[in-house]
Amino acid sequence: MILGYRSKIILPFSHHNLGNGKLCSSTKENTICQRPCRGVTCSYSIASSLDSFEEAKERIKKTFQKVELSPSSYDTAWVAMIPSRNSVKQPCFPQCLDWILENQREDGSWGLNPSHSLLVKDSLSSTLACLLALRKWGVGDNLVQGGLTFIEKHGWAVDNKDQISPVGFEIIFPSMIKYAEKMNLNLPLDPDIVNLAIRNRDLAIERALQSDFKGNVANLEYMAEGLGELCHQWKEIMVHQRENGSLFDSPATTAAALIYNQHDEKCFEYLNSILKLHKNWVPTIYPTKIHSLLCLVDTLQSLGVDRHFKTEIKNVLDEIYRLWQEKNEEIFSNVAHCAVAFRLLRMSNYEVSADELVEFVDEVHFFSTSGRFTSHVEILELHKASQLAIYGKDDILDKINNWTGSFMEEKLLTNDYIDRMSKNEVELALRKFYATYDRVENRRYIEAYKVNSSKILKAAYRSPNINSIDLLRFSKQDFNLCQAQHQRELQQLKRWFEDCKLDQVGLPQQNLYTSFFLTAALLFEPEFSDARIACVKSTMLLTVVDDFFDGFVCKDELLNIFELVERWGSNYSTMHYHSDRVKIFFSALYKTIEELAAIATIKQGQCIKDHLINLWLDLLRSMLVEVEWWRNQTTPSIKEYLSVACESIGVRCVTLITQCFLGPKLSKDILQSSEMSALCNGTSMVARFLNDIGSSKREEAESSPKDIVSILINQSQGTISKEEARKQVMEMLENKRRELLGMVLIQRKGSQLPQECKDIFWKTSKLSHFAYSDGDEFRFPEELLKNHINEVLFIPLKP
């Protein structure tokens, strides 16, 4: 039974009491709000800030009109170091030198403004590059002294692995130290740190040059300003020049080419085009349009606020899709751009082929033919994209998934990531996306946004026209508003649970928290309040009947329940209840279905009660068949088993009633369409396979097979082991999951089912994964689940 569980969980709700002493979400932990509260959450601070919430939303919308990146002190310094074509004693771009003179920070550093405590390496790199530019042209002596003071105070960060590292820092920063020595710029750094950094640089260069992977050489070439005179093959590096004249779309690398090889007109044109736009500074990557738009959409989705900007995001994705079809260089010359575009487009129902990722199919091919810079970011984004295989076997995405997963796992084992941030990102990416919960991940991203609002290549950057503080406040307020709504719904569900006396039929109230959390974590939007409540009520009733049919009541009680549902609407005063628990359960079922059907009739403009009752009859009928199998120790065929077990899992009962509360009107033809049936079947199969894989170990000691794993073993007459049977079922599960994802994401001609209704099936399959993939998470919840419940439902984000 889907969502069927008998949890022993004791949730730590002592600080977030939902009883008489209601805790206001605006108070500190362990403190009861003294203001009179309406419902669970205090409305005082929320109501007073609704205007600012709407104002912030409008400001964020305007950022879509012009998305650009922040100035890069680091890249601007390298452009400032290019000598004039007419005189090597004069800068080619004096306006960049002026920008450096005007933009030193109060602490003597240069870099992203405002910066972050984890970006000290970025400040060191940017500051040293600016000092080199000032010393080269003999200006700004007082600024140089301020920069040296900053480096002296923060030199500890050079080899600190908790700090986030700019790309190529281990190559470029030691090389800039050597440049400084040649300029007689004495850096106040610990000699031991300097010597270690230089040794590590030399080893890194040696390993890359000796490697068979040309991609490692391309990585070095991307960091060409860090090679300088060590690199004597500038003509070979120029083979990477793009149509826009740049090397790797990097102003710093392109500037280095002009410093050491001054005869390329296209490099000059590239830098001039940037300075025509920005006057006296350059970003760390250019062009910026595609990069910025992809980052913006990805960020809004990660924060969980993308629903507020549907029109703007659709316009962006329409443009990205157009450029994808045109094979635009800005997308396809950058591995990360290509991977992120593929992921965002596919998950937003655009038809994009994995064929465009064919050059990344395996590690050797990727590094030996890509001829481009790669970092953990590119590998990470490829891995996330590779999880979106649909409709069965996908050689391209499967091969990418295999090698990128192994690559990142190996890096984690060898601690071969430079900083803590990179490690955290990789650990998260290695989790299957269908095993994650939207609201849990939204909260994590919001809490880390002070760092996440800044991206990093050779230098840290952000979109300056997006006020990160504004967006953070907006996201926190949105999360807390949703949470307050969830708390009110939970109060309503608790009253329903108590009125129905479900605790008297063996269902602990704690299960209500778990069920509601799983629903709200995936379907969290305030406008879906009625859908959440309907889903949870249906789930709880399914849990009770699952317990009944799982051997806890006698056969006569099971038949009694079926008869009562079959005679729905009859004069129940003449009906016989075989036991008090049957009476309690059926009274709860009758009352709930009648109420939900009445509301759904208003929303849908048609009565769905008969359809819903028929679904429950089909469910009960399939359960009775299963009971007969297990009690008679009959082993059905796989086909017979799945035809019954995919009905008894309960997906149809949950998804139908939930869809009727999502908003779109669903005609009788749609409800009974082949598309609806296919989606139900696919979701039911995924849930059933997950349930059986998770329960096979628990039930292996029982006398008769009760799951598909056991049936496979039984029918093989001992020719396959349990592990082999589980592997077969895992393959069946993966194929069915991909088929389901394809049905949800790909728009088919003649489809009449609204997208939000399709999405419910995918969300239900994700819920099933959480429930059953690790041995039935509902029945034996871990500490992690308790933490998630508190974070999503009870603990507000601090302003």
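Refer to the preceding data block for the structure.
Here is what the cut-offs are and how they apply
- Residues numbered from 1 in each chain as written.
- Predicted model: local features only at pLDDT ≥ 70, side-chain atom pairs only at ≥ 80, totals over all residues.
- Heavy atoms only, no water.
- Phe/Tyr/Trp six-rings, centres within 6.5 Å; stacked < 30°, edge-to-face > 60°.
- Helix = DSSP H or I, 4+ residues; strand = E, 2+ residues; numbered from the N terminus.
- Buried < 20%, exposed > 50% of the residue type's maximum accessible area, 1.4 Å probe, protein only.
- Lys NZ or Arg CZ within 6 Å of the ring centre and 35° of its normal.
- Expected span 1.5 Å × (residues − 1).
- Contact = heavy atoms within 4.5 Å.
- Salt bridge = Lys/Arg side-chain N within 4 Å of Asp/Glu carboxyl O.

K.L.:
It is not clear to me how the packing of aromatic side chains should be interpreted in this structure. Could you clarify?
P.N.:
One pair of aromatic rings is described through two measures. These are the centre distance and the angle between the planes. What the rule picks out here adds up to 22 aromatic pairs. Plain terms: the ring middles of Trp324 and Phe342 are 6.3 Å apart, the flat faces sit at 35° to each other, and that makes the pair tilted. Of the two residues, Trp324 sits in helix H14 (residues 310–325) while Phe342 sits in helix H16 (residues 335–347), which places them 18 residues apart along the sequence. Accessibility assignment for this pair places Trp324 and Phe342 in one class, buried. Both rings, one in Trp630 and one in Tyr641, keep their centres 6.5 Å apart while their planes meet at 50°; by these two values the pair is tilted. Separated by eleven residues along the polypeptide, Trp630 in helix H28 (residues 609–631) and Tyr641 in helix H29 (residues 638–648) bring together distant segments of the chain. The pair formed by Trp630 and Tyr641 is uniform in burial state, with each residue classed as buried. One aromatic cluster is present, built from ring pairs that chain together Phe53, Phe64, Phe309 and Phe474. Here the guanidinium or amino end of Lys458 rests over the ring plane of Tyr222, the centre of that ring lying 4.2 Å away.

K.L.:
Is there a simple way to explain helix H35 (residues 755–772) in this structure?
P.N.:
An α-helix turns once every 3.6 residues. As a result, residues three or four positions apart point the same way. A rise of 1.5 Å per residue sets the reference length of H35, with its 18 residues, at 26 Å; its end C-alpha atoms lie 26 Å apart and thus fit the reference within 8%. Among the 18 residues of H35, 15 are classified as buried, and the element is accordingly described as predominantly covered.

K.L.:
Whenever I open this one, helix H11 (residues 251–260) confuses me. Can you help?
P.N.:
In terms of residue burial, H11 counts as a mostly covered element, since nine of its ten residues are buried. Among the residues of H11, Pro251, Ala252, Thr253, Thr254, Ala255, Ala256, Ala257, Leu258 and Ile259 are the ones counted as buried.

K.L.:
Whenever I open this one, the environment of Leu388 confuses me. Can you help?
P.N.:
For Leu388, the location among the structural elements is in the loop between helix H18 (376–386) and helix H19 (395–413). Residue Leu388 is classed as buried on the basis of its relative accessible area of 2%. Sequence separation of Leu388 and Arg343 is 45 residues, and the distance between their C-alpha atoms is 7.3 Å. In contact with Leu388, other than residues within four places in its own chain, are Phe342, Arg343, Arg346, Met347, Leu397, Phe433 and Leu741.

K.L.:
Is there a simple way to think about the pattern of salt bridges in this case?
P.N.:
Between side chains of opposite charge, a pair can form as their charged atoms come close. Across all of its chains, the model carries 39 salt bridges by this definition. Residue Arg443 is joined to Glu447 by a salt bridge in which the shortest nitrogen-to-oxygen separation is 3.0 Å. With Arg443 and Glu447 both in helix H21 (residues 438–447) and four residues apart, this pair spans about one turn of that helix. Relative accessible area serves as the criterion here: at 48%, Glu447 is assigned to the partly exposed category. A salt bridge links Lys603 to Asp530, with the shortest nitrogen-to-oxygen separation between them at 3.2 Å. Of the two residues, Lys603 is situated in helix H27 (residues 580–604) and Asp530 in helix H25 (residues 529–552); the sequence distance between them amounts to 73 residues.

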